[in-house]
2 protein chains.
Amino acid sequence: AEKSKSKFLNFMSDIMKTAQADPRRVIHSLKAGLAITLVSLLYFICPLYGIFGVEAIWALLTVVLVFEFTAGATLSKCMNRGVATLLAGALGLEGVILAQRLGNKVKPFVLGTLVFILAAGSTFCRFIPRIKARYDYGAMIFILTFSLVAVSGQRVDGIFDFACQRVFTILIGGATCVVISLFVCPVWAGQDLHNLIASNLEKLANFLQGFECAYFECSEGKDNPQKSVLEGYKSVLNSKASEESLANFAWWEPAHGRFRLFHPWTHYVKIGALARQCSYKFETLHRYLTPEIHVSLEFKGKVQEPCKKLCWEASQALKALSSSIRTMTEPCDAKRHLENFKNAIKDLKLALETTSLEGEELMAVIPVVTVASILIEATKCVEKIHDSVS
Amino acid sequence: AEKSKSKFLNFMSDIMKTAQADPRRVIHSLKAGLAITLVSLLYFICPLYGIFGVEAIWALLTVVLVFEFTAGATLSKCMNRGVATLLAGALGLEGVILAQRLGNKVKPFVLGTLVFILAAGSTFCRFIPRIKARYDYGAMIFILTFSLVAVSGQRVDGIFDFACQRVFTILIGGATCVVISLFVCPVWAGQDLHNLIASNLEKLANFLQGFECAYFECSEGKDNPQKSVLEGYKSVLNSKASEESLANFAWWEPAHGRFRLFHPWTHYVKIGALARQCSYKFETLHRYLTPEIHVSLEFKGKVQEPCKKLCWEASQALKALSSSIRTMTEPCDAKRHLENFKNAIKDLKLALETTSLEGEELMAVIPVVTVASILIEATKCVEKIHDSVS
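What this report covers is the structure whose coordinates are included nearby. (Residues numbered from 1 in each chain as written. Chains lettered and ligands numbered in written order. Predicted model: local features only at pLDDT ≥ 70, side-chain atom pairs only at ≥ 80, totals over all residues. Heavy atoms only, no water.)

Take the overall build of chain A next. Across its full length, chain A carries 16 helices and zero strands. Relative to a compact globule of 390 residues, whose C-alpha radius of gyration would be 21 Å, chain A shows 29 Å and is clearly more extended. A principal-axis box enclosing the C-alpha atoms of chain A has dimensions of 100 × 50 × 45 Å. In chain A, the share of contacts with a sequence separation of at least 24, taken over all contacts with a separation of at least 6, comes to 81%. Counting every atom, chain A has about 17,500 Å² of accessible surface; 63% of that belongs to carbon and sulfur. Taken together, the 42 basic and 35 acidic charged side chains of chain A have centroids lying 9 Å from each other. (Helix = DSSP H or I, 4+ residues; strand = E, 2+ residues; numbered from the N terminus. Rg over C-alpha atoms; globule rule 2.2 N^0.38 Å. Contact = heavy atoms within 4.5 Å. Areas by Shrake-Rupley, 256 points an atom, 1.4 Å probe, with all protein chains shown as cover. Lys, Arg positive; Asp, Glu negative; His and termini not counted. Charge placed at Lys NZ, Arg CZ, Asp CG, Glu CD.)

In structure tokens form, the structure reads like this:
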């Protein structure tokens with residue numbers, strides 16, 4: 001009993017965490033419930049049931065399979081489903097007519113062969129990366145509809161009426177999904193992508209600030225920055241998949257808020273890739289925060305000023321870039337910080353050149369030199385991000 | 001015409017590339033075609049059609065939705081579908097009986113409310129990470145089946161017969177998928193994960209070898225290593241998602257080849273994470289291969305020997321680890337290389353300590369020092385991978 005109680009509590013805390021992480025999830029669940037209940041009305045309301053009969057299950061099926069979190073994903077699936085259903089339906093009817101002409105004896109063989117060829121073909125197409133990214137669901141529905149029509153053609157009389165009825169119920173289901181996901185508290189994939197990229201840049205900026213503080217000031221007794229600040233960049237490391245799928249969904253979305261139709265979403269993916277490049281460098285830097293690494297404090301003191309300035313200016317530039325993405329304005333502030341940190345790089349290089357190493361243990365100098373040199377590399381990434389944002 | 005011709009040629013070359021990248025994809029497509037054609041027989045063969053009638057479409061639907069590339073994924077979806085269908089079916093029948101008792105007038109309201117609550121609840125559950133990873137499809141099928149049963153309960157008489165028939169056809173569809181994906185040229189997610197991790201380690205080893213050659217020997221006129229060798233590690237950077245999903249699917253697979261049931265698949269995910277750590281360091285190293293960076297050749301010459309030894313031993317250790325994963329044996333060879341490269345690290349440190357910097361430009365020394373120091377960090381990752389493999 002104890003164990004199952006703790007399991008239950010665990011589950012409840014999972015639920016709370018999931019809801020707190022993104023409250024739109026709760027709204028989405030209610031929207032999904034609403035959509036499903038709405039299409040159930042096709043069954044519950046007598047006159048409607050009179051029209052569609054048991055074919056109404058296709059509306060239900062469509063809603064369950066097609067309704068997704070973001071408007072773009074729902075639209076993409078609806079479009080895929082719609083086009084694939086029509087295409088496969090037309091092809092299926094053609095196939096049935098062809099098979100009928102060839103005579104009743106060979107009909108099942110012709111239809112069976114057609115089903116096999118098209119099923120194998122479209123399953124294979126789903127492996128092609130370009131198709132997988134945008135039309136995966138469509139290919140699946142194509143197989144499904146084609147084989148349904150082909151096998152039904154073997155049996156059901158009046159296949160045209162039956163096909164029309166089914167297409168109509170699927171349209172009802174799809175329309176319900178589209179209307180609810182576009183007009184009831186819509187979640188835009190584009191907006192999410194936009195925010196994700198901006199917040200990723202912010203996380204990088206926070207890391208640089210936190211790193212500056214943790215690496216150069218701890219010895220002076222200041223508070224260590226929080227772990228969450230220093231490890232925020234880790235989520236940037238693995239954000240590739242979500243950025244790309246959001247960009248794919250955003251492509252389907254109509255104009256909304258400050259975004260036009262055909263907003264350059266792929267541009268966000270590029271900025272995201274550069275931010276990831278930067279986060280790889282930070283991963284290497286992060287290693288040097290462990291206190292076990294023996295460093296020469298004297299040497300560290302000598303490069304401290306330009307390094308701190310570099311960190312500060314780069315993090316300010318990133319913050320300015322992030323807010324210029326958020327507000328969709330030209331990154332003027334960032335440009336100023338960029339100039340400043342180019343100067344800081346020069347100062348740092350000068351400091352490294354002029355510092356005498358006499359009396360220093362080289363081994364204790366190396367970690368500091370490495371940090372400085374990775375910092376320079378990382379801030380060059382920031383410059384690339386700036387070029388790509390403006 | 002020119003344009004559409006080039007588009008067609010493009011598409012054909014995409015097909016060829018996709019097939020060449022993994023020939024099992026062609027076999028999988030044929031398997032999918034076979035499975036769909038087999039369940040179509042429920043329609044084509046008269047006596048079978050006599051038993052199942054139009055309910056046979058559920059077998060077709062199940063095959064299209066459930067048949068996946070790896071055996072583990074197919075099994076996972078089948079189990080999810082089976083359990084969710086039974087659970088939702090039972091709950092749905094309960095709901096219908098309950099609503100019937102409350103009287104015919106309130107029946108649609110009770111059923112509608114139940115559908116809304118359960119649909120919203122299970123949609124929300126799909127956001128919880130632990131459920132999403134393993135039971136996402138099950139939750140979807142749960143909503144679908146429950147609402148289907150509930151709304152059908154409003155209309156169809158003899159709902160029990162009808163439910164039994166549908167469960168039976170779904171079982172036929174699921175069984176077809178399982179049999180074909182387990183016994184006809186099976187693709188094991190576990191085997192794929194195993195190979196992926198081993199080949200990732202190999203890619204890291206190749207990078208180290210290539211880096212050694214490109215960084216230290218080019219000046220002597222040797223051939224540059226191929227770009228593919230030097231950039232192979234890039235695929236390791238983003239392998240997290242595929243490793244985790246393969247591990248999830250592998251969990252469902254029965255014993256096969258050298259793998260027992262409940263093989264420690266999560267262990268592979270851990271090794272994969274360490275390999276990724278290492279690849280982040282390589283990403284930083286890779287930057288230093290650009291010829292524009294001005295380095296002191298004299299200083300480079302001084303640390304060249306231990307650095308080369310370090311690269312060589314670390315890459316040999318990685319290769320040994322990779323092959324010990326492949327053969328599932330203890331990594332004895334790797335242990336020897338590990339000892340060697342620990343010595344190489346000591347030599348390198350010694351070389352760095354004793355090298356006099358007099359007459360050297362510090363700015364030209366820094367890149368070399370940085371490379372040496374990142375190399376040391378990267379090879380420490382190799383040690384961690386070794387500890388985790390053995």
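Turning next to the interface of chain B and chain A. Of the residues lining the interface, 76 residues belong to chain B; the matching set on chain A comes to 76 residues. Around 7,400 Å² of area is buried between chain B and chain A when both sides are counted, 74% of it from carbon and sulfur atoms. In this structure, Arg130(B) engages Asp14(A) in a salt bridge whose closest nitrogen and oxygen atoms are separated by 2.6 Å. Where chain B packs against chain A, one counts 13 residue pairs in polar contact (both at pLDDT 80 or more). Here the side of chain B that touches chain A takes 13 residues from helix 2 (residues 24-44) of chain B, the largest share from any one element. Here the side of chain B that touches chain A is built from residues that sort into 47 nonpolar, 16 polar and 13 charged. (Buried area = accessible area lost by both parts, 1.4 Å probe. Salt bridge = Lys/Arg side-chain N within 4 Å of Asp/Glu carboxyl O. Polar contact = N/O pair within 3.5 Å; in protein donor to acceptor, adjacent residues only side chain to side chain. Nonpolar A, V, L, I, M, F, W, Y, C, P; charged D, E, K, R; others polar.)

With that settled, consider empty space enclosed by the protein. Residue and element names in this part refer to chain A. Overall, the coordinates contain two cavities of 30 Å³ or more when judged by the stated rule. Approximately 70 Å³ is the volume found for the largest cavity. Mapped by element, the contributors of at least two residues to the lining of the largest cavity are helix 2 (24-44) and helix 4 (57-66). Per-element tally for the lining of the largest cavity: the top contributor is helix 2, with three residues. Looking at side-chain class alone, the lining of the largest cavity contains six nonpolar, two polar and one charged residues. (1 Å grid on protein atoms, 1.4 Å probe; cavity = no way out; pocket = protein on both sides within 12 Å on 5 of 7 lines; lining within 4 Å. Points joined across faces, edges and corners; volume = space filled by probe spheres on them.)

With that out of the way, let us pick up the relation of the copies chain B and chain A. Comparison of the two chain copies shows a relationship of rotation about an axis with a shift along it. Superposition of chain B onto chain A requires a rotation of 180 degrees combined with a translation of 0.0 Å along the rotation axis, giving an RMSD of 0.0 Å. Such a combination of turn and shift is consistent with a two-fold rotation axis. A shared interface surface links the copies, since 100% of the contact residues of chain B are contact residues in chain A too. (Least-squares fit on C-alpha atoms with pLDDT ≥ 70 in both.)

Another aspect to go through is the packing of helix 14 (residues 297-327) of chain A against helix 15 (residues 332-354) of chain A. Residues and elements named next belong to chain A. For the pair helix 14 and helix 15, the least separation of the axes is 8 Å and the interaxial angle reads 165 degrees. As the angle between them shows, helix 14 and helix 15 are arranged roughly antiparallel. Relative to helix 15, helix 14 is oriented so that their crossing is left-handed. Classifying every residue of the contact of helix 14 with helix 15 by side-chain character gives 16 nonpolar, three polar and five charged. (Axes fitted to C-alpha atoms, helices over the stretch in contact; angles between N-to-C directions. Parallel < 35°, antiparallel > 145°, perpendicular 65-115°, else oblique. Left-handed = near helix turned anticlockwise from the far one by under 90°.)

All names here are of chain B. Their axes nearest at 13 Å, the elements helix 9 (residues 189-216) and helix 16 (residues 362-389) cross at an angle of 160 degrees. When the axes of helix 9 and helix 16 are compared, the pair comes out roughly antiparallel. Our pair here, helix 9 against helix 16, has a crossing hand that is left-handed. Facing Leu-201, Leu-208, Phe-211 and Tyr-215 of helix 9, the residues of helix 16 in contact are Pro-367, Val-368, Val-371, Leu-375 and Ile-385. Residue composition of the contact of helix 9 with helix 16, grouped by class: nine nonpolar, no polar and no charged.

Here helix 5 (residues 71-101) of chain A is 31 residues long and its end C-alpha atoms lie 45 Å apart, about the 45 Å a rise of 1.5 Å per residue gives. Immediately beyond the C-terminal end of helix 5 of chain A, within one or two residues, lies Gly103(A), with a positive phi of roughly 110 degrees. (Expected span 1.5 Å × (residues − 1).)

This part covers the state of the cysteines. Taken as a whole and assessed by the stated rule, the structure comprises zero disulfides over all chains. Cys177(A) provides the cysteine sulfur closest to Cys125(B), a residue in no disulfide bond, and the two sulfurs are 20 Å apart. (Disulfide = S-S within 2.5 Å.)

Now for helix 8 (residues 159-183) of chain A. Across its 25 residues, helix 8 of chain A extends 36 Å between first and last C-alpha, which sits within 8% of the 36 Å expected from 1.5 Å per residue. At the exit of helix 8 of chain A stands Cys185(A), carrying a positive phi of roughly 40 degrees.

With that settled, consider the packing of aromatic side chains. Scanning the model with the defined rule gives 24 aromatic pairs over all chains in all. Judged by centre distance (6.5 Å) and plane angle (85 degrees), the rings of Tyr233(A) and Phe282(A) are edge-to-face. Separated by 49 residues along the polypeptide, Tyr233(A) in the loop between helix 10 (227-231) and helix 11 (234-237) and Phe282(A) in helix 13 (residues 265-286) bring together distant segments of the chain. Given a relative accessible area of 0%, Tyr233(A) falls into the buried group. If you follow Arg134(B) out to its NZ or CZ, it ends over the ring of Trp251(B), 4.0 Å from the centre. (Phe/Tyr/Trp six-rings, centres within 6.5 Å; stacked < 30°, edge-to-face > 60°. Buried < 20%, exposed > 50% of the residue type's maximum accessible area, 1.4 Å probe, protein only. Lys NZ or Arg CZ within 6 Å of the ring centre and 35° of its normal.)

Don't take any of this as a statement about function, it's just geometry.
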